[in-house]
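# Analysis of the macromolecular model
Listed here are the chains, written in short residue letters.
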Amino acid sequence: MAKETVLEMKNITKTFPGVKALDKVNFSLKKGEVHALLGENGAGKSTLMKVLNGIHQRDEGEIIVKGESVKFENTKEAQNAGLAIIHQELELIPYLNVAENIFLGREDRNGIFINYQKLYQKTSEVLDMLGVDIDPKAKIKDLNIGSQQMVEIAKAVSQNADILVMDEPTSSLTNQEIDILFELIERLKQQEIAIVYISHRLEEVFEICDRVTVLRDGQFVDEVETSATNEDQLIKMMVGRTIEDRFPKMNFSPTEEILKVENLTVPKEIKNASFSLKKGEILGIAGLMGSGRTELAKAIFGVFKEKSGNIYFKGKKIEINSPADAINTGIYYLSEDRKEEGLVLGLSVANNISISVLKSMLKANTFINKSAETDLAEKYIEDLKIKTPSEKQLVKNLSGGNQQKVVISKLLSTKPEIVIFDEPTRGIDVGAKREIYNLMQELINEGVAVILISSELPEVLNLSNRVIVMHEKEIMGELDAAVADQESVMKLATGRRN
């Protein structure tokens with residue numbers, strides 16, 4: 001028997017200043033199915049879901065939910081109708097705890113006071129259902145991004161939604177957490193909950209999704225049964241061309257050592273880390289979530305004040321006590337969390353790109369040279385193919401992938417000698433990923449040294465010439481990427497040296 005259609009979106013059109021984000025897009029969803037929504041960054045996926053949930057108002061078209069034509073004025077109305085959305089960029093309050101975030105605005109109260117005993121009990125029940133070991137009383141700011149993502153999922157699930165939108169839900173999760181999520185999705189399907197699944201990881205689409213709808217440049221391209229297509233066909237639909245190889249063939253010509261780290265230790269974060277880095281090479285850092293990969297990068301970048309060990313730059317021992325020290329030395333760190341640490345969302349594309357080199361933009365040491373700032377922004381908009389109506393566009397109005405390109409432009413403007421990429425392709429489509437890989441090749445061709453941190457083992461193995469693997473805050477070993485495989489990396493990542 002055919003499943004009941006619970007959602008229809010017909011001819012949805014949405015225009016922002018200078019950009020037609022959606023142009024007569026159609027989408028449907030059936031009870032108890034997982035329907036993938038695919039497309040490059042800027043294709044309109046997130047915008048379509050924000051229109052559905054009342055975050056944006058459509059200019060044209062119709063939305064039918066459970067047989068009724070609706071127009072949600074806000075997310076509360078959508079939530080009351082049984083819709084919940086998990087955004088790619090997390091929307092949690094850092095200084096509230098897990099329980100307060102999950103049930104924000106829906107707390108049980110005794111008069112005006114929150115019944116915390118009941119709140120923590122209900123939170124534990126939701127987290128147990130997800131199979132997640134997180135303390136309901138823990139502050140969000142003290143959790144890593146993977147744990148924060150699971151809290152966001154728990155928040156949506158706790159709303160008892162009939163229609164659940166998951167926008168890049170696995171982008172910050174470990175393989176174990178992804179397995180837990182997929183088990184949960186199967187349980188939700190059995191309960192006839194309908195799920196819209198947005199992801200750039202095509203292997204996930206084929207594992208859990210029933211149908212696929214593809215958007216390109218704000219327009220509907222096609223809808224297919226997952227069983228009737230393959231990765232190559234989906235990629236061609238998304239980008240309008242065939243991408244022959246997922247990863248480029250990297251050419252390395254390492255020269256002299258530029259960075260040497262000896263016994264670098266940060267209390268509770270890093271233990272006795274030692275490694276070297278050469279000009280013109282990519283050094284991959286692999287490891288499970290919480291292994292210390294990001295903390296090692298931040299220690300080199302001067303984020304942690306309390307540390308011991310030695311750092312040598314071009315053979316000279318140096319002290320890096322702040323990110324400013326690192327940037328002045330020639331070291332730049334691209335954070336895994338672009339929204340919180342990489343961008344000022346309320347500023348323009350030009351402002352964000354120039355922010356790291358403002359001193360060079362000053363006229364008479366007083367006023368910013370707007371012409372120079374515009375020229376710099378236009379150079380990187382063209383070089384990195386940033387989709388924006390102009391350099392004056394606010395960064396918050398760009399797609400996630402184009403925001404990432406702005407962060408990279410900001411990095412490149414400092415003319416770094418060492419670049420640390422921390423999850424540079426998280427939430428990025430296949431086309432944009434290839435552009436970033438090509439950029440890495442250009443950097444090493446120019447003699448820049450690159451450190452690549454990624455949770456995607458194929459990415460680390462295909463782009464690096466050496467890989468160091470971390471486990472529980474320590475470097476467990478180093479592998480030659482040309483002969484290493486996922487099994488050898490995972491052995492070290494789980495603490496086995498043999």
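In short, a report on the structure. Owing to the predicted nature of the structure, the values given are computational and were not obtained by experimental measurement. Sequence order as written defines residue numbering, which begins from 1 separately in each chain. In keeping with the model being predicted, local features are shown solely for residues with a pLDDT of at least 70 and side-chain atom pairs are shown and tallied solely at 80 or more, while totals for entire chains, interfaces and linings include all residues. Computation of side-chain values covers all heavy atoms of the structure but excludes hydrogens and water.

### Considerations on the overall build of the chain
Using the following cut-off: For the purposes of this entry, the term helix denotes a DSSP run of H or I that reaches at least four residues, the term strand denotes a run of E that reaches at least two, and both are numbered from the N terminus. It is over C-alpha atoms that the radius of gyration is taken, and the globule rule equals 2.2 Å times the number of residues to the power 0.38. Working definition: with a 1.4 Å probe on protein chains only, accessible area under 20% of the residue-type maximum means buried, over 50% means exposed, and in between means partly exposed. Every residue pair with non-hydrogen atoms within 4.5 Å of one another is taken to be in contact.
On a plain count of helices and strands, the chain comes out with 18 helices and 24 strands. The C-alpha atoms of the chain give a radius of gyration of 23 Å, which matches the 23 Å a tight globule of 498 residues would have. The C-alpha extent of the chain, read off along each of the three principal axes, is 70 × 50 × 50 Å. Per-residue burial over the chain gives 55% buried out of 498 residues. At a minimum sequence separation of 6, the contacts of the chain that also span at least 24 residues come to 66%.

### Structural notes on helix α16 (residues 430-445)
Using the following cut-off: Multiply 1.5 Å by the residue count of a helix minus one, and that product is the helix's expected span.
Here α16 spans 23 Å end to end across 16 residues, near enough to the 22 Å set by a 1.5 Å rise per residue. All buried positions along α16 are accounted for by Val430, Gly431, Ala432, Lys433, Ile436, Tyr437, Leu439, Met440, Gln441, Leu443 and Ile444. Of the surrounding secondary structure, the elements contacted by the buried residues of α16 are α8 (231-239), β15 (282-287), α15 (400-412), β21 (418-422), β22 (449-453) and α17 (457-463).

### Some thoughts on the sheet that holds strand β17 (residues 316-318)
Neighbouring strands of a sheet are bound in pairs by backbone hydrogen bonds; such pairs are parallel or else antiparallel. Test applied: Note on pairing: DSSP must find at least two bridges between two strands before they are called paired. Interaxial angles span 0 to 180 degrees and are taken between N-to-C directions of axes, which are lines fitted to C-alpha atoms, for helices over the stretch in contact.
If you walk across this open sheet you meet the four strands as β14-β13-β16-β17, and the pairing is antiparallel. Where the open sheet ends on each side, the last strands, each with one partner, are β14 (270-278) and β17. Each neighbouring strand pair of the sheet contributes to a mean axis angle of 20°, computed without reference to strand direction. The pairing of strand β13 (residues 257-266) with strand β16 (residues 308-313) spans five bridges and is antiparallel. Across the sheet, the residue bridging to Val261 is Ile311, located in β16. The strands touched by helix α9 (residues 293-300) are β13, β14 and β16; relative to β13, the strand with the most contacts, the crossing angle is about 115°.

### Quick word on the sheet that holds β22
The six strands are arranged β18-β21-β22-β15-β23-β24 in an open sheet whose pairing can be described as mixed. In this open sheet, the two strands that pair with only one neighbour each are β18 (331-334) and β24 (474-480). The sheet shows a mean angle of 20° between the axes of neighbouring strands, direction not considered. Of the strand pairs in this sheet, β21 and β22 are connected by five bridges, and their pairing is parallel. Of the residues in β22, the one forming a bridge with Phe421 is Leu452.

### Points about helix α6 (residues 175-190)
Taking 1.5 Å of rise per residue, 16 residues should cover 22 Å, and α6 covers 23 Å from first to last C-alpha, within 8% of that figure. All of the buried residues in α6 are Glu177, Ile178, Ile180, Leu181, Phe182, Leu184, Ile185, Leu188 and Lys189. In the core, the buried residues of α6 are packed alongside β3 (34-38), α4 (116-130), α5 (145-157), β9 (163-167), β10 (194-198) and α7 (202-208). Glu192 occupies a position one or two residues after α6 and carries a positive phi of about 65°.

### Examining the packing of aromatic side chains
Operational definition: Pairs were defined over the aromatic rings of Phe, Tyr and Trp, the Trp ring being its six-membered one, requiring ring centres within 6.5 Å. Orientation was assigned from the angle between planes: stacked under 30 degrees, edge-to-face over 60, tilted for the rest. Either the NZ atom of lysine or the CZ atom of arginine qualifies as a charge over a ring when it sits within 6 Å of the ring centre and within 35 degrees of the ring normal.
Scanning the entire structure with this criterion turns up four aromatic pairs. Cluster of aromatic residues (ring-pair linked, three or more members): Phe301, Tyr332 and Tyr333. Geometry around Tyr380 places Lys379 over its ring, the cationic atom sitting 5.3 Å from the centre.

### What about the environment of Tyr333?
Quick reminder of the rule: Here a polar contact is recorded for every N or O atom pair within 3.5 Å, except that within protein the pair must consist of a potential hydrogen donor and a potential acceptor, and residues adjacent in sequence are included only if both atoms are side-chain atoms.
Its place among the elements puts Tyr333 in strand β18. Counting along the chain gives 143 residues from Tyr333 to Gln190, while the straight-line C-alpha distance between them is 44 Å. At 2.7 Å, the side chain of Tyr333 forms a polar contact with the side chain of Asp422.

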